[in-house]
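# Chains, contacts and geometry: an overview
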Amino acid sequence: DAGVTQSPTHLIKTRGQHVTLRCSPISGHKSVSWYQQVLGQGPQFIFQYYEKEERGRGNFPDRFSARQFPNYSSELNVNALLLGDSALYLCASSPRTSGRNEQFFGPGTRLTVL
Amino acid sequence: AQSVTQLDSQVPVFEEAPVELRCNYSSSVSVYLFWYVQYPNQGLQLLLKYLSGSTLVESINGFEAEFNKSQTSFHLRKPSVHISDTAEYFCAVSVQDSSASKIIFGSGTRLSIRP
């Protein structure tokens, strides 16, 4: 079975632009979470979606938004990009939203903002 | 508030030597604890997890971690490391609130193996 896939792999944007990152969960997984990993730090929770509804949100500004589609894939959108948004964006999927469930991570999208 | 502290940002060891990566957490609720490994330019892979039951958990590649509730620790150990263990290791706690679960990660420990 395919794991979590993310696209694109790398992305370069300039300040003020917007970006859309995509994630396809493992087949059968209904929950998708997004994390931001700045260089040299651990990942930080951004969003969790389950059954197309936002179930949790981390401490990120409103410039960050996401949605989940009927096939459980997800998009993360970031508007008005700042230099500090440069990071590895990780998507993780799990069958449900229980904390007992392992979250399976994709390879990430590396975003560079110039 | 829940948090995870990894006490060492870098740990250099010689090949075949033992290693311990330290992790402490704070949480006022039941915890589910994880160790993830990140190889260069890759995503995160689950190494091992503690959900309940035996406080000693093991991975398939020789790592083990022990949940110590009184010391709020979940240290990772391996009796003999290999060059291929070179990676960044993240300790994490999974937190469940009313409708969502999120993983809180430590800042990571970079394990470098010297031949």
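Here is a short report on the structure shown in this document. Residue numbers restart at each chain and count upward from 1, following the sequence in its written direction. Naming scheme: in the order in which they are written, chains are lettered from A and ligands are numbered from 1. In keeping with the model being predicted, local features are shown solely for residues with a pLDDT of at least 70 and side-chain atom pairs are shown and tallied solely at 80 or more, while totals for entire chains, interfaces and linings include all residues. Calculation of side-chain values draws on the structure's entire complement of heavy atoms; hydrogens and water are dropped beforehand.

### Looking at the nonpolar core
Core analysis: the biggest nonpolar cluster contains 29 residues, and Trp-35, Leu-48, Phe-74, Leu-76 and Tyr-89 of chain B have the highest contact counts within it. For this core, the element with the most residues is strand S10 (residues 87–96) of chain B, which contributes five residues. Residues are treated as being in contact if the distance between any of their heavy atoms lies within 4.5 Å. Leave out the neighbours within four places in its chain, and Tyr-89 of chain B touches Gln-6, Leu-21, Trp-35, Tyr-36, Val-37, Leu-47, Phe-63, Leu-76, Gly-108, Thr-109 and Leu-111 of chain B. Only buried Ala, Val, Leu, Ile, Met, Phe, Trp, Tyr and Cys residues count toward a nonpolar core, and they belong to the same one when joined by side-chain atoms within 4.5 Å. The classification of residues rests on relative accessible area computed with a 1.4 Å probe and restricted to protein chains. Under 20% of the type maximum is buried, over 50% is exposed, and intermediate values are partly exposed. Membership of the second largest hydrophobic core comes to 22 residues, among which are Val-19, Phe-47, Phe-60 and Phe-64 of chain A. The numbering of helices and of strands both runs from the N terminus, where a helix is a DSSP run of H or I of at least 4 residues and a strand a run of E of at least 2.

### Examining the sheet that holds strand S8 (residues 74–78) of chain A
Residue and element names in this part refer to chain A. The pairing criterion is simple: DSSP has to find at least two bridges between the two strands. Taken in spatial order, the four strands of this open sheet run S1-S3-S8-S7, and their pairing is antiparallel. In this open sheet, the two edge strands, each paired with only one partner strand, are strand S1 (5–7) and strand S7 (64–68). On average, adjacent strands in this sheet sit at an angle of 15° to one another, irrespective of strand direction. Pairing of strand S3 (residues 19–24) with S8, which is carried by five bridges, proceeds in the antiparallel orientation. Each residue of the ladder has a partner; that of Thr-20, found in S8, is Asn-77. Here, axes are lines fitted to C-alpha atoms. For helices the fit covers the stretch in contact, and angles between N-to-C directions go from 0 to 180 degrees.

### As for the pattern of salt bridges
Every case where a carboxyl oxygen of Asp or Glu lies within 4 Å of a side-chain nitrogen of Lys or Arg is listed as a salt bridge. All told, the structure shown has eleven salt bridges over all chains when counted by the stated rule. A salt bridge links Glu-51 of chain A to Lys-52 of chain A; the nearest nitrogen and oxygen atoms lie 3.9 Å apart. Under the relative-accessibility criterion, Glu-51 of chain A is labelled partly exposed at 27%. With a shortest N-O distance of 2.8 Å, Glu-20 of chain B and Arg-77 of chain B are connected by a salt bridge. A residue pair is termed long-range when its members are at least 10 positions apart, and Glu-20 of chain B in strand S3 (residues 19–21) and Arg-77 of chain B in strand S9 (residues 73–78) qualify at 57 residues. What emerges from the salt-bridge pattern is a single network uniting Arg-22, Arg-67 and Glu-75 of chain A.

### Topic: the packing of aromatic side chains
Under the pairing criterion, centres of Phe, Tyr and Trp rings, with the six-membered ring standing for Trp, must be within 6.5 Å; the plane angle then separates stacked pairs below 30 degrees from edge-to-face pairs above 60, leaving the rest tilted. With the rule as written, the count across this model stands at 13 aromatic pairs over all chains. Aromatic pair Phe-105 of chain A and Tyr-36 of chain B: ring centres 5.3 Å apart, planes at 85°, arrangement edge-to-face. Placement of Phe-105 of chain A in strand S10 (residues 104–105) and of Tyr-36 of chain B in strand S5 (residues 32–38) is noted, with the two residues assigned to different chains. Residue class for Phe-105 of chain A comes out buried when judged on its relative accessible area of 11%. Consider the rings of Tyr-25 of chain B and Phe-67 of chain B, whose centres lie 6.2 Å apart with planes at 25°: the pair is stacked. Here Phe-67 of chain B lies in strand S8 (residues 64–68) and Tyr-25 of chain B lies in strand S4 (residues 23–26), a separation of 42 residues in the sequence. Side by side, Tyr-25 of chain B and Phe-67 of chain B carry an identical accessibility label, which is buried.

Read these as spatial facts, not as claims about activity.
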